[in-house]
Amino acid sequence: QVQLVESGGGLVQAGDSLRLSCAASGLTFSAYAMDWFRQPPGKEREFVAGSTNYADSVKGRFTISRDNAQATVYLQMNDLKPEDTAVYYCAAKRRTSNYYNVWGQGTQVTVSS
């Protein structure tokens, strides 16, 4: 069974940093693109970061990276702002596909002012 498990969320203050992790299993990790999304409370899920692009709201603050050997993708989040508060999800997509095959369960990030 293919699954993604996010971790690393928590409660932080504005200006702090967090590193989220997404561990994949049940797939050939290198064959998939791994992206990050987030869903603020009461709002729609939105794209955050992929291998080649970032949402404008996080450019310069967030960095995506991956470790193929560990089948894990990371999201380094610096200078967090209250508007970054959301449930963060990772999603896997075959590099030959235009849809996401699987989503993680999400990890909560709460940024206080």
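For the structure, see preceding data.
Residues numbered from 1 in each chain as written. Predicted model: local features only at pLDDT ≥ 70, side-chain atom pairs only at ≥ 80, totals over all residues. Heavy atoms only, no water.

1. Remarks on the overall build of the chain
A tally of helices and strands in the chain yields zero helices and 10 strands. Its helices and strands in sequence order give the chain the pattern β-β-β-β-β-β-β-β-β-β, from N to C terminus. Relative to the globule expectation of 13 Å for 113 residues, the C-alpha radius of gyration of the chain, 13 Å, shows essentially globular dimensions. The proportion of buried residues among the 113 residues of the chain is 43%. Of the side-chain charges in the chain, 11 are positive and 10 negative, and the distance between the mean point of each set is 6 Å. (Helix = DSSP H or I, 4+ residues; strand = E, 2+ residues; numbered from the N terminus. Rg over C-alpha atoms; globule rule 2.2 N^0.38 Å. Buried < 20%, exposed > 50% of the residue type's maximum accessible area, 1.4 Å probe, protein only. Lys, Arg positive; Asp, Glu negative; His and termini not counted. Charge placed at Lys NZ, Arg CZ, Asp CG, Glu CD.)

2. Considerations on the state of the cysteines
Across all of its chains, the model carries one disulfide by this definition. Between the sulfur of C22 and that of C90 lies a disulfide, 1.9 Å long from S to S. As the torsion about the S-S bond is roughly 60°, the C22-C90 disulfide counts as right-handed. Of this pair, C22 sits in strand β3 (residues 18–25) while C90 sits in strand β8 (residues 86–94); the two residues are 68 residues apart in sequence, bridging distant segments of the chain. Residue C90 is classed as buried on the basis of its relative accessible area of 0%. (Disulfide = S-S within 2.5 Å.)

3. As for unusual backbone geometry
Its identity as a non-glycine residue notwithstanding, A71 has a phi of 50°, on the positive side. Along the polypeptide, A71 turns up in the loop between β6 (62–67) and β7 (72–77). When its relative accessible area of 15% is taken as the criterion, A71 is described as buried. Here D79, not a glycine, exhibits a phi torsion of approximately 50°, which is positive. Along the chain, the position of D79 falls in the loop between β7 and β8.

4. Describing the nonpolar core
Formed by 29 residues in total, the largest nonpolar core has its most connected members in W36, L75, M77 and Y88. Breaking this core down by element, the ones donating at least two residues are β3, β4 (32–39), β5 (46–49), β6, β7, β8 and β10 (107–112). When sequence neighbours within four positions are dropped, the list of residues in contact with Y88 reads E6, L20, W36, F37, R38, V48, F62, L75, M77, G106, T107 and V109. (Core = buried A, V, L, I, M, F, W, Y, C linked by side-chain atoms within 4.5 Å. Contact = heavy atoms within 4.5 Å.)

5. Some thoughts on the sheet that holds β7
Hydrogen bonding along the main chain pairs the strands of a sheet, whether they run parallel or antiparallel. An order of β1-β3-β7-β6 is seen for the four strands of this open sheet, with the pairing classed as antiparallel. The two strands at the open ends of the sheet, each matched to only one other strand, are β1 (3–7) and β6. Each strand of the sheet is rotated relative to its neighbour by a mean of 15°, with strand direction disregarded. Bridge analysis of β1 against β3 gives five bridges, and the strand direction is antiparallel. Each bridged residue has a counterpart across the sheet, and for V5 the counterpart in β3 is A23. (Pairing = 2+ DSSP bridges. Axes fitted to C-alpha atoms, helices over the stretch in contact; angles between N-to-C directions.)

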